[in-house]
Amino acid sequence: MPDTAAVPAIPRSRVRVPLRFHDGYEADAEVVTFHGLTDGREHLALVLGEPGAVPLVRLHSECLTGDVFGSARCDCGPQLREAVERIAERGGVLLYLRQEGRGIGLYNKLDAYALQDEGLDTYEANAALGLPEDARDYTAAAQMLRALGVGELDLLSNNPDKADQLRTLGVGVRECVPTGVFTTAHNVRYLRAKVLQTRHTLPLAAPAELSAG
């Protein structure tokens, strides 16, 4: 992990954007862009509701297929929709991070999908392509949070690596708040792999049952 977490980023612009989802849910967000992010990517912060001293925060990695096209092969779209509502109700920040395919990029993600269709799980497919299982680095996320004045938060996530990285980067994570479980016939193997391989807190079944499934 780069030793650049303490490098300051500063807000570049702030603009109000009314959000509306396919089911009719609406929320107002303040969208913040930044100067000085270490990876040079165009990440966004969406400030929702009225954040308190310890806001609810989600680090959501971009997923074009799930967030935009409604792909049922993952749970990203439903998680994004859920996160906006839960954060708006309590007050907090959604970081939309441009890390498609757990950091491997859109084309590589689709190549991995093809391998999954041949029987590999999501992590095995990445490895077969010579790519990391998960290439995401949350240094820029820590910079964004500091720029917004967030030093401690409750993290809306099932992924323990996000909390571990944030703590290593000096951001206080008071509590990990699990998201919902959004299973479909097309994504259950993907979700099971996340439980078995990277300890995601998804109550699908006991690990022994998942291994046998």
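Note that this is a predicted model, so its numbers are computed, not measured.

A word on the overall build of the chain. Looking only at helices and strands, the chain has eight helices and seven strands in total. Expressed as a percentage of its 213 residues, the buried residues of the chain come to 47%. Sequence-distant contacts in the chain: of pairs separated by 6 or more residues, those separated by 24 or more amount to 62%. In the structure as shown, the chain presents an accessible area of about 10,300 Å², 52% of it carried by carbon and sulfur atoms.

Our next topic: helix H5 (residues 139-147). Across the nine residues that make up H5, a large majority, seven, are buried. Those residues of H5 not exposed but buried are Thr 139, Ala 140, Ala 141, Ala 142, Gln 143, Met 144 and Leu 145. In this structure, the buried side of H5 is in contact with strand S2 (26-35), strand S3 (44-48), strand S4 (56-61), strand S5 (92-97), strand S6 (152-156) and helix H6 (160-168). Within two residues after H5, Gly 149 carries a phi angle of roughly 80 degrees, on the positive side.

Turning our eyes to something else, we now look at the environment of Ile 87. For Ile 87, the position within the fold is in helix H2 (residues 76-90). Assessed through its relative accessible area of 0%, Ile 87 is described here as buried. A C-alpha to C-alpha distance of 8.2 Å links Ile 87 and Arg 58, two positions 29 residues apart in sequence. With near-sequence residues (within four places) excluded, Ile 87 lies in contact with Leu 48, Leu 56, Val 57, Arg 58, Gly 92, Val 93, Leu 94 and Leu 156.

The next subject is the pattern of salt bridges. In this structure the tally under the stated criterion is eleven salt bridges. In this structure, Arg 81 and Asp 23 form a salt bridge, with 2.9 Å as the shortest nitrogen-oxygen distance. Here Asp 23 lies in the loop between strand S1 (10-20) and S2 and Arg 81 lies in helix H2, a separation of 58 residues in the sequence. According to the relative accessible area criterion, Arg 81 is buried, its value standing at 14%.

Of the residues making up helix H3 (residues 106-116), those classed as buried are Lys 109, Ala 112, Tyr 113, Leu 115 and Gln 116. The arc that holds every buried residue of H3, seen down its axis, measures 160 degrees, which confines them to one face.

About the cut-offs
Residues numbered from 1 in each chain as written. Predicted model: local features only at pLDDT ≥ 70, side-chain atom pairs only at ≥ 80, totals over all residues. Heavy atoms only, no water. Helix = DSSP H or I, 4+ residues; strand = E, 2+ residues; numbered from the N terminus. Buried < 20%, exposed > 50% of the residue type's maximum accessible area, 1.4 Å probe, protein only. Contact = heavy atoms within 4.5 Å. Areas by Shrake-Rupley, 256 points an atom, 1.4 Å probe, with all protein chains shown as cover. Salt bridge = Lys/Arg side-chain N within 4 Å of Asp/Glu carboxyl O. Arc of directions from axis to C-beta.

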